[in-house]
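Here is what each chain is made of, one letter per residue.
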Amino acid sequence: MSRSPRTTAATTTITAGWSRPSRTAAVLLSAAAAMTLLGAADSSAKVRGEAKEFGRVSVRSGIPADAQRFTVSSPDLVNGRFPQANWANAFGCDGGNQPLRLEWHGAPAGTRSFAVTMFDPDAPTGSGFWHWVVWDVPADATGLGRTLPAGAVAGADDAGVQGYLGPCPPVGDRPHHYRITVYALDTPSLAQPAATPAAVTAFGMGGHVIGYAQTTVSAAR
């Protein structure tokens, strides 16, 4: 019985300590609570629709800052959009998968060949998606038709298929921006096999770019 007062007193002391935390402890608890609420709000916002922005990263262009600009256009683009004939016929799309016809003007002197790419930096892959890579286009060319000129190489896209693959963004995703670029190169040939991965081809031609023309087309489903 003589131990009861001591036990009661100790219990009372501990209880009193928790009922009146120090000012520092109160601030820390408040901050922790605020961070928890902010985290919950952030998660809720993503659930409510911001998930379309997941994983967004910047992708380098691979074009030197001093490269000369020239112009490119396509008679196939209607009001800045891909017609059905140029959409993919894969990944759930039923387009015609016809390559875009291109026309360019004003390439710099010293151009010894051209390369053409179509790249989607918005693809949810972490590294974009190469849809079209062509190189060794003769220096006297002023565009591309439905078939490639003699000597030009149709490289592999990111689906592992050589040639053009039209746009086909995921259903419900934000609009994707397809960069169509014509590169003026200071070499007559990249000397790359057609099966070379697109990223490797782009890396290899980076040191040869003396000019470029670019247009961007958006597409969504």
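Residues numbered from 1 in each chain as written. Predicted model: local features only at pLDDT ≥ 70, side-chain atom pairs only at ≥ 80, totals over all residues. Heavy atoms only, no water.

A. Representation of the side chain of Ser113 in the model. Position of Ser113 relative to the elements: it lies in strand S4 (residues 113-120). Taking the relative accessible area as the measure of exposure, Ser113 reaches 1% and is therefore buried. Side-chain polar atoms of Ser113 contact the backbone oxygen of Thr187, separated by 2.5 Å. (Helix = DSSP H or I, 4+ residues; strand = E, 2+ residues; numbered from the N terminus. Buried < 20%, exposed > 50% of the residue type's maximum accessible area, 1.4 Å probe, protein only. Polar contact = N/O pair within 3.5 Å; in protein donor to acceptor, adjacent residues only side chain to side chain.)

B. Spotlight on the state of the cysteines. Counting across every chain of the model gives 1 disulfide. A sulfur-sulfur distance of 2.1 Å marks the disulfide that ties Cys93 to Cys168. Disulfide Cys93-Cys168: torsion about the S-S bond near 90°, hence right-handed. Of the two residues, Cys93 sits in the loop between strand S2 (71-73) and strand S3 (102-105) while Cys168 sits in the loop between strand S7 (153-154) and strand S8 (176-185), which places them 75 residues apart along the sequence. (Disulfide = S-S within 2.5 Å.)

C. Local environment of the sheet that holds S2. The 3 strands are arranged S2-S3-S6 in an open sheet whose pairing can be described as antiparallel. The open sheet has two edge strands with one neighbour each: S2 and strand S6 (143-144). Across 2 bridges, S3 lies against S6 in antiparallel orientation. Paired with Glu103 across the two strands is Gly143, which belongs to S6. (Pairing = 2+ DSSP bridges.)

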